[in-house]
Amino acid sequence: MIVLGIILLVVGFVTGISILWTIGIVLAVIGAVLWILGSVGHAVAGRRHYW
């Protein structure tokens with residue numbers, strides 16, 4: 001999810017499409033939050049680890 005967010009950020013920045021930029025930021029933030037929650041041991045979506 002983080003990688004997809006970064007890809008959308010880059011594509012949105014290069015093409016000037018602001019909705020891709022916004023979606024990229026949201027996906028990157030959600031991916032980072034899930035990664036942090038999974039790494040500290042909290043179950044995320046029924047899984048002990050989130051990759």
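Up top you'll find the structure we're talking about.
The sections below set out a description of the structure shown in this document. (Residues numbered from 1 in each chain as written. Predicted model: local features only at pLDDT ≥ 70, side-chain atom pairs only at ≥ 80, totals over all residues. Heavy atoms only, no water.)

### What to know about the packing of aromatic side chains
Reasoning step 1: Within this structure, the stated rule accounts for one aromatic pair.
Reasoning step 2: For the pair Phe13 and Trp21, a centre-to-centre distance of 6.0 Å together with 45° between the ring planes defines the contact as tilted.
Reasoning step 3: Looking at Trp21, the relative accessible area reads 37%, which means it is partly exposed. (Phe/Tyr/Trp six-rings, centres within 6.5 Å; stacked < 30°, edge-to-face > 60°. Buried < 20%, exposed > 50% of the residue type's maximum accessible area, 1.4 Å probe, protein only.)

### So, the environment of Leu8
Reasoning step 1: Position of Leu8 relative to the elements: it lies in helix α1 (residues 2-15).
Reasoning step 2: Note on Leu8: relative accessible area 18%, which makes it buried.
Reasoning step 3: Considered as a pair, Leu8 and Trp21 are 13 residues apart in the sequence and their alpha carbons are 6.3 Å apart. (Helix = DSSP H or I, 4+ residues; strand = E, 2+ residues; numbered from the N terminus.)

### Some remarks on helix α2 (residues 18-39)
Reasoning step 1: An ideal rise of 1.5 Å per residue puts 32 Å on 22 residues; α2 measures up with 32 Å between its terminal C-alpha atoms.
Reasoning step 2: Where α2 is concerned, the buried positions are Gly24, Leu27, Ala28, Gly31, Leu34 and Gly38. For α2, the angular spread of buried residues about the axis comes to 135°, placing them on one side. Facing away from the buried side of α2, by more than 90 degrees, are the exposed residues Ser18 and Ile36.
Reasoning step 3: Among the residues trailing α2, Gly41 stands out with phi positive, at a value near 105°. (Expected span 1.5 Å × (residues − 1). Arc of directions from axis to C-beta.)

### Brief notes about α1
Reasoning step 1: In this model, α1 (14 residues) spans 20 Å end to end at C-alpha, consistent with the 20 Å of a helix rising 1.5 Å per residue.
Reasoning step 2: What α1 keeps buried is the set Gly5, Leu8, Leu9 and Gly12. Angularly, the buried residues of α1 cover 105° about the axis, an arc narrow enough to put them on a single face. Among the exposed residues of α1, those oriented more than 90 degrees off its buried face are Val3 and Val14.
Reasoning step 3: For α1, the secondary structure elements touched by its buried residues are α2. (Contact = heavy atoms within 4.5 Å.)

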